[in-house]
Amino acid sequence: MVASIEQPSPAFEPLRVVAPPSGPNAVGRPLDRVSARDAVIDTLRGIAILMVIGIHSLPKPDGSALVTAVDAALRPCVPVFLFASGYLSAPSAHIPVVKRIMRALGPYTIAFVAAYLFIAAENPLMDHRPAIIAARYSLAYVFVYYYVFVYVGCSVLLWLVFEAANGNPAKRQPRLIVFLSLSIVIGLAIGAYLAPLLRYFGVPGPAVEEVRMRDLPFWFGFMALGVIVGRLELQRLLQDLRIPLLAVTVAGYAGYVSVRVFGIGDAAGYDSIAFFVYAAFFCLGTLAFAPNIPALSFLGSASYAIYLWHIFAIMVLRDLLAPHPQPVAAFFIEYGAALASSAALVLAVRSLTMPRLAQWLGA
C-alpha cells in the first residue's frame, strides 16, 4: 500500500512575468527594474520548493514538539508562491486567467495520470468508476496536489478583483489597492470562523480539514499582499526595514509554533491568523533581503515541475524503507532523492524537448 503523506503542498505559479505592459495606461514598475528582480523572485521560489520537499520528507506527524516546530518553520512555502504570483502580476492591467489555468492544469493532468497509475498498481482494489476518477481529479486526491486548484481559484479571484477595479484610469490604482486590502481582511475573517461554523453544523473533522486546505479567501490574501507590494513599489522600503522585518518574522514564527505545540486557540497548521502573520512577514522579509542565488533561481524557475514530480521518489522510498529505524536518516534520504530526481527530470526535459513543450510540462 502506498504510504500516506498528510501534509499538503502548494500549487506553483507556472508563469514567469518579467515585463510590465506598455502603453499610456500601463501602471507598474519600469522594465529594467522588473527584469532585475526576476532572479530574485525565482530565488524566493527556489527557497519555497526546498521547503515543500522538506515538509513532505518529514516523518508522519506524531505530535512531537520537534516535528511540529520544523513543520511550522517550513509552512510559508504556499504563501511564498502565491505572494510571488501576485507580485509579478502587479504591473498588469488585466490578468490572463484562461492562459494561467491552462498552464496550471496541463502539467497537473500529466502528473495526475502518472500518480493515478502508481496508486492503482499499489492498490488492486482501487475504485475506477468514472465519477470517482473525476472527483479524484477535481479534488486532487492523488498524492499531494491539493494546491493546484488553490492556485487556480486564487487566479480567478485575482482576475475578478482586477476587472472590478478597471474603469476610470485615474481611479484604477486606489480602487485596486482598496479591493485587495479588503480581500485580506475578509480572508482572515473566513479563516477564523470557517472551521467553527462547519463543526457547528456537524461536519466531521476530516472533512473540515479538507475544506480548510482549500480555503480560497484565506489563501488569496497572500496573492493580494504580493500585488499590493508590487503596485506600490515597496521593495526599496522593505529593504530599508529588513532587520526589523527579520525580527518580526522570528517573533511571528515563535507565536505560530507556540499556538500549534501548546494547542492555543486555533492550532491548525494552516488557515489561521497565527499562520497568516508568520507567513506574511516571511514573504515580506525574504523579499526585503532580495536574495539572488543562481542554484536556487534554477530551482525556482522549475518549481512547478519539481512540485509535481518530487513526490514520486518519496513514495517509492517509503515503500522500500518503511518502517525505517532512523527517522532522521530517512528524512535526509527522501529529501535528497526527491530533490535530485526532480531536478534531473527538469534538466532532461529542458535538454531533450522544445522550449514550448518544456513549458507545457511545467519545466
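Notes on the structure in this doc start here. Keep in mind it's a predicted model, so treat the numbers as computed, not measured.

Each helix and strand counted, the protein chain has 16 helices and zero strands in total. A burial count over the protein chain gives 50% of its 363 residues as buried. Pairs at least 24 residues apart make up 82% of the contacts formed inside the protein chain by residues separated by at least 6 positions. Only carbon and sulfur atoms are counted for the fraction: they give 72% of the accessible area of the protein chain, which is about 15,900 Å².

Right, let's get into the nonpolar core. By size, the foremost hydrophobic cluster in this structure holds 101 residues, and its most contacted members are Phe143, Tyr145, Leu180, Trp219, Phe222 and Leu287. Sorting elements by how many residues they give to this core places helix 6 (residues 146-165) first, with 11 residues. Other than its neighbours up to four places away in sequence, Phe222 contacts Pro79, Leu82, Phe83, Phe275, Phe276, Ala279 and Ala280.

All right, on to a nonpolar patch on the surface then. Together, Val98, Met102, Ile110, Met354, Leu357 and Trp360 line one region of the surface with nonpolar side chains, adding up to about 600 Å² of accessible area. If you list the elements that add at least two residues to the nonpolar patch, you get helix 4 (97-122) and helix 16 (355-360). Per element, the largest residue contribution to the nonpolar patch is three residues, and it comes from helix 4. Within the element layout of this structure, Val98 appears in helix 4.

Next up on the list: the packing of helix 4 against helix 5 (residues 130-139). Interhelical geometry of helix 4 versus helix 5 gives an angle of 130 degrees and a closest axis separation of 11 Å. Accordingly, the angle class assigned to the pair helix 4 and helix 5 is oblique. In this structure, the crossing between helix 4 and helix 5 has a hand that is right-handed. Taken together, the residues of helix 5 that come into contact with helix 4 (itself represented by Leu105, Tyr108, Thr109, Phe112 and Tyr116) are Ile133, Arg136 and Tyr137. Considered class by class, the residues forming the contact of helix 4 with helix 5 number six nonpolar, one polar and one charged.

What follows is about the environment of Thr286. Of note, Thr286 is situated in helix 12 (residues 273-289). Along the primary structure Thr286 and Val80 are separated by 206 residues, whereas in three dimensions their C-alpha atoms are 9.1 Å apart. Beyond its immediate stretch of four places on either side in the chain, Thr286 contacts Leu44, Ile47 and Pro291.

Turning next to the pattern of salt bridges. Where charged atoms from two side chains of opposite charge come close, those side chains can pair. Under the criterion given, the structure shown has seven salt bridges. With its nearest N and O atoms 2.7 Å apart, the salt bridge here joins Arg129 to Asp127. Accessibility expressed as a relative area gives 51% for Arg129, which makes it exposed. On the basis of relative accessible area, Asp127 is assigned to the partly exposed category, the value being 30%. In this structure, Arg212 engages Asp271 in a salt bridge whose closest nitrogen and oxygen atoms are separated by 2.8 Å. Of the two residues, Arg212 sits in helix 8 (residues 205-213) while Asp271 sits in the loop between helix 11 (242-262) and helix 12, which places them 59 residues apart along the sequence. Assessed through its relative accessible area of 2%, Arg212 is described here as buried.

Parameters and conventions
Residues numbered from 1 in each chain as written. Predicted model: local features only at pLDDT ≥ 70, side-chain atom pairs only at ≥ 80, totals over all residues. Heavy atoms only, no water. Helix = DSSP H or I, 4+ residues; strand = E, 2+ residues; numbered from the N terminus. Buried < 20%, exposed > 50% of the residue type's maximum accessible area, 1.4 Å probe, protein only. Contact = heavy atoms within 4.5 Å. Areas by Shrake-Rupley, 256 points an atom, 1.4 Å probe, with all protein chains shown as cover. Core = buried A, V, L, I, M, F, W, Y, C linked by side-chain atoms within 4.5 Å. Patch = residues over 30% accessible without salt bridge, like charges linked within 9 Å, V, L, I, M, F, W, Y side chains within 5 Å. Salt bridge = Lys/Arg side-chain N within 4 Å of Asp/Glu carboxyl O. Axes fitted to C-alpha atoms, helices over the stretch in contact; angles between N-to-C directions. Parallel < 35°, antiparallel > 145°, perpendicular 65-115°, else oblique. Left-handed = near helix turned anticlockwise from the far one by under 90°. Nonpolar A, V, L, I, M, F, W, Y, C, P; charged D, E, K, R; others polar.

Purely geometric stuff here, so don't read any function into it on its own.
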